[in-house]
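Survey of secondary and tertiary structure
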Amino acid sequence: MAFNSLVILLVLFTAGPALCVLQYDLGALAADNVWTVVNKNGSISVSATVPGGIYSDLRSANIIDSEFYYRFNDHLHRWVGLETWTYSRQFTVPAELTAKKQINLVFEGIDTYGQIFINNEVPVTVDNMFVRYVIPFTLQTVNTITVVLPSTVEYAANRSATTFVAPACVVPEYQGECHANQVRKMQASFSWDWGPAFPSAGIWKNVYVEAYDTLLIRDTIYDIQFSEADQNWNVNVRVHAEALSRQVSSGAGDLELQIQVDNVTITSRKRVSYQNIQGEISFSISTNIPASSVQTWWPNGIGKSRKIYTSRVTYTPDGVTETAEKDNTIAFRTLRVVQDFVDPNNITKGRHFYFEVNGQPIFMKGSNWIPAHVLPEIGSDPKYAENLLRASAEADFNMLRVWGGGVYESDRFYQLCDELGILVWQDFLFACSMYPVDGPYLDSVRTEIVQTVRRLQHHPSIALWAGNNENEAALIGNWYQTQANFSAYKDQYIQLYVDTLKPLVNIEDPTRAYLVSSPSNGIKSEEDGFISNDPYSALYGDIHYYNYLADGWDPAVYPRTRFASEFGFQSYPSMWALRQDVAAGDLDLGLNSEIINQRQHHPGGNAELKLQIEHRLLPGGQYNWDNLAMFEKFTYLTQIYQAMATKTEAECHRRWRGWYDEPTGEGLTMGSLYWQLNDIWNAPTWAGIQHDGTWKMMHYYAAKIFSPLHLSAYVTPDRRLSLHAITDLLDNYGDVKSQINVHSWSQLEPLLSLNYDFTLQNNSAFEVNSQPLAPILESAGCGNLIQHAQSRIPEDACFLVVQLLERSTSELLAENFVILSRFADAVGIVVRPQLQINGVTLSTMQPQFSRYVQVFDIQITTDNVAPFVWLDAADAKGRFSDNGFILTNSTKTVQYYALETLTAADLQAKLTITSLTHNWL
C-alpha cells in the first residue's frame, strides 16, 4: 500500500503543536478508508465504512433496502442481526510512528461483542459498545486488523442460559428481540414501545493508531468551586495520563494549565514526576480566577449569559521533544440538587427536590431524549443533535434527560448543550430490566462508568448522574415477576447501582449528585435501603407518571410531585410523514391495518387514543377509523389530544412551584420533563418532534408552556377560576396586568373582558386571582346561549382566553386559553368555518434564531372561531411561529421560519390548513 496515500494527523484529540503525541486515523478521516465486511459463510462481502455499522454498509451495497424504516423492513432485515460479521483492513504507517516507544490501536466504540485480531498477536475480546478499547501492539511493515462480531442477539441468549435475569423478553407488542439486558448495548436496539428492533453490529466510533514516547493525557477532570470569601473561582484539575504500558517507566516534566479568558490567558505551572509507573498515572494542577474576570454560566430561558471558555492542560517532559495536551471547554457555575426537609419540624411533609444554579432555585423545563436513530452510527451524526437541541432551546427548554435505554451521546451533543444552556440529566444506560452482576459483566460496567464520567464531566451542562431508568420501581412493583426471588434481585440491584456505580461516580466526579434510580425518592430511597416501598411518592425525589385512561385534560388527575422527570401521551405523526414509509398499496391505511399494527408498539395504544379523542374532541357517535380518509383525521386528532394533555399536566407542574398543600405536604414542584422529545421513526409515539425534525402540535405547545413569562388558568374541582402568573426570569419584570376574555363558540368578539393589575415577581409562580367561575359566565351571558338544551350548562357555551399584558403599553407578553367542556357538549360551535390562507409573502422581519435563512408571513382569515388551527408545510424544512392555536380573530399572521431557501409561491403550494371542526364528519 503506497505511503503517499496515507494521512498522518499530528494532533492529540483536539489540538496541539507539531511535536506532540501522534495519531493516525484508520477511519473516515483517512485517505484510504478501505474496510471490508464479510458474513460468516462468505456469501456477502462488501466495502465497509468506519465509523459505521452493518445495516448502513449493506444499504450502501444495495443488499438491503435504501430506507431502513420502509414498510416492514424492521422485520424483513432482522436476519442481519443474527449473522456473524467480520470487518478487516490492512494498513501501513509513516516512519514517525514506528520510532515511538508506545503504539496503541484505539477503538472508541465497537458494537458490541466479538474479538479483535491485530497482526498475529493474542486476540482481544470486546463486549461493551460504550467502552473505548486501547490495545498496545507491535507495528509491522504491513499491519492487519480483523474484528469478528458474532450475533449479539445470539450472544445475549447464550448468556441468559447461564446468568438469567428478568425479563427474558420484551412484551410481544414491542416486536423485538430478547435478552437485551444481558449485553452492554443500546437497549432500544432490541426494540421499545416507541421504536423498532435493529440489533446492529459494527465499528460505530472512530478507530486510530496513537503513538508516543513518554505519556499522553487521556482525560481531565475539572472541579470548579466558587469562593464567596475571596470572590474567586477555584479551578482544580485532575489529569489522567497514560505512560508506557509494556514497560515500567519514570519521568519528570512541566505540567501547565491555560484558561483563555477573553484576550488574556491565565496560566498555572507545576513540576511533576513519576517513578516506576506502568500504565495510568494521575496529576493535579489548580489556579484561581477572579469572579470579576469571567461571566457566570446560566441555563437557558432565564435572561442570563451562557459563556463558555477554553482550557488546555499540557505536559512537557524533560529531555524529550514531545508534548501531551488535552483541550476542553469549561464554564463557571455552581449547581447542587437540594433535598432539604420541607419542614424540619415535621419530616412527614417530605423533602424538596430541585436544582439550584449559582445559588438560585431553577425550575427545570424540558423533555426526555431518546436516540435520534435506531442505528447508533446515524444517531450520533451531529446534524440530528443540532436540529433537535436548537428546537429545544427555541422552546425555552433548560433541561433534557438523556434516557437510560439509549447511548451516551457524542461530544458535539454535550458541547451544544453547553452553548445553548440546556442542562443534562444523564442516566447511565440501564433501563426497564434487572441486570446481571457476574464478574465479567461488572468489570465491563466499571470501565464504562469511569470512561463515561471522565469524558463528559467537564461539560457545564451535565447536571446529574442517575444509575438507571425505572429499575427500582420495576423491582418493588414486580413488573417482571421478580417477587418470588425478591431478596436475590434486591441484592443484585444494590451490588450494581450502589456498590459498583455509586462509589465510582463519587470518586470520578465529586461535583455532582448521583441518584441510584429514576424515579426514586432520592435521599429517602437511600434511607430505605435503596428500594423504597413507593418510588412514586409525591413528597420526595422525582416521579414518572402515565395514565392513559383518565381524562388527560383534567388537572385534578395528576400527582402533585416534587419533580416530574417523565410523563406523556401518545400521538401519531402527520400523514405526510407516515406516507414516507409506506408503499402506494398501503394508502388504504386504517387504524387496524397491517402496517399500523406493525408501527404501534404500545400495548393497547390505539384503543387508548381512540377512547381519549372520542371522549374529548368529537360529537357523540360511532366512528370507523379503518379507512384512509378517517385515519387521516385520526392522526390530526391524536396530536390535539397529546398537546392538550401535555399542556394540562405541565401547567400543573409550573403552577405548583409556588403551591404547598399544608395537610399532605404535596406541591413545591420544580421540574417538568415530558416524555419524549424526538422520534426514532414515523410511528405512534410520545414524541413532540417527528423523525424528520418537523414539530408536532405538542412541541408548539411546549414552547408556550415553557416560556419564561407564562399565564396559566384552570378551573378547580369546586369550580373556581384560578389564574397564575409564572416567570423564570431572575430580574424583576415590573407592573403587568392580566386580562380574562370570555368567548362563545359562535362569534369572534369576546363577550366579556376582566382586567387585574399586579406586579410580576421574579423567578416564581403565584396565584394572581381566584374567583367562582359561574358569576363570570353569567355576566358574559353564557347561560343565555344554552337556550333549550336542558342537559347543558353555561360552561358548554363558552371558553376563556387569558392574556398577560405590560400594564402601561398593553404589550402582549403571554397568551393562553381554557376549554371549559368536552367538544361533544360544546354549544354553538361552528362546523367548518371559512378558514383559509389568504396569502404568503417574504417577511421584512429578521429571523429570531440564526439557523433560519428566511422568514415568510402567512395571513390566515376566518369568519368564526376555529379551534386548533393546524398549518402543515409538507416537505418544506422549517417551522411556524405558532401552530395548533384557537383562532379568535378574523385575521392572524403567522411566520414560517425556513431552514432552506424557497419562494413564497413554493411555500404556498405546500401549505394546508385545517381545524378541529373541519375534521368532524
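Residues numbered from 1 in each chain as written. Predicted model: local features only at pLDDT ≥ 70, side-chain atom pairs only at ≥ 80, totals over all residues. Heavy atoms only, no water.

Before going further, it helps to spend a moment on the sheet that holds strand E32 (residues 752–760). Across the sheet, four strands lie side by side as E32-E31-E34-E35; this open sheet has antiparallel pairing. Each edge of the sheet is formed by a strand with only one pairing partner; in this case those strands are E32 and strand E35 (812–819). Strand-to-strand twist of the sheet, defined as the mean angle between neighbouring strand axes without regard to direction, takes the value 20°. Looking at chain direction, strand E34 (residues 798–806) and E35 are connected through seven bridges and run antiparallel. (Pairing = 2+ DSSP bridges. Helix = DSSP H or I, 4+ residues; strand = E, 2+ residues; numbered from the N terminus. Axes fitted to C-alpha atoms, helices over the stretch in contact; angles between N-to-C directions.)

Here we come to the pattern of salt bridges. Under the criterion given, the structure shown has 46 salt bridges. Notably, a salt bridge pairs aspartate 528 with lysine 524, separated by 2.9 Å at the nearest N-O pair. For lysine 524, a relative accessible area of 23% puts it in the partly exposed group. Note that lysine 704 and aspartate 882 form a salt bridge whose closest N and O atoms lie 2.7 Å from each other. Linking lysine 704 in helix H16 (residues 697–705) with aspartate 882 in the loop between strand E39 (878–880) and strand E40 (885–887), this pair joins segments that are 178 residues apart in sequence. Given the relative accessible area of 12%, aspartate 882 is considered buried. Through salt bridges with shared partners, a single network forms among Arg238, Glu280, Arg454 and Glu508. (Salt bridge = Lys/Arg side-chain N within 4 Å of Asp/Glu carboxyl O. Buried < 20%, exposed > 50% of the residue type's maximum accessible area, 1.4 Å probe, protein only.)

Applying the stated criterion across every chain yields a total of two disulfides. Across a sulfur-sulfur distance of 2.0 Å, cysteine 169 and cysteine 178 are joined as a disulfide pair. Between cysteine 169 and cysteine 178 the disulfide shows an S-S torsion of about 100°. By sign, it is right-handed. Described in terms of the sequence order of its bonded cysteines, the disulfide pattern of the chain is 1-2, 3-4. No disulfide involves cysteine 432; its nearest neighbouring cysteine sulfur is the one of cysteine 169, lying 15 Å away. (Disulfide = S-S within 2.5 Å.)

The terminal C-alpha atoms of helix H8 (residues 439–456) lie 26 Å apart, and with 18 residues this matches the ideal 26 Å at 1.5 Å per residue to within 8%. Within the span of H8, buried status applies to Tyr441, Leu442, Ser444, Val445, Glu448, Ile449, Val450, Gln451, Thr452, Val453, Arg454 and Leu456. (Expected span 1.5 Å × (residues − 1).)

Taken over all residues, the pLDDT of the chain has a mean of 94, while the share at 70 or more is 97%. Scored below 50 in pLDDT, residues 1–18 makes 55 contacts in the model with residues more than four places away or belonging to other chains. (pLDDT = per-residue confidence, 0-100. Contact = heavy atoms within 4.5 Å.)

Let us look at the environment of proline 510. Take proline 510: it is sitting in the loop between helix H10 (486–508) and strand E25 (513–515). For proline 510 and isoleucine 221, which are 289 residues apart along the polypeptide, the C-alpha to C-alpha distance reads 9.9 Å.

What follows is about the sheet that holds E40. Spatially, the three strands line up as an open sheet ordered E40-E38-E42, and their pairing is antiparallel. At either end of the open sheet lies a strand with only one pairing partner, and these are E40 and strand E42 (912–914). Between one strand axis and the next, the sheet turns by 40° as a mean value, whatever way the strands run. As paired elements, strand E38 (residues 866–872) and E42 share three bridges and run antiparallel to each other. Each bridged residue has a counterpart across the sheet, and for aspartate 872 the counterpart in E42 is threonine 912. This element, helix H15 (residues 628–656), spans E38 and E42 of the sheet and lies at about 115° to E38.

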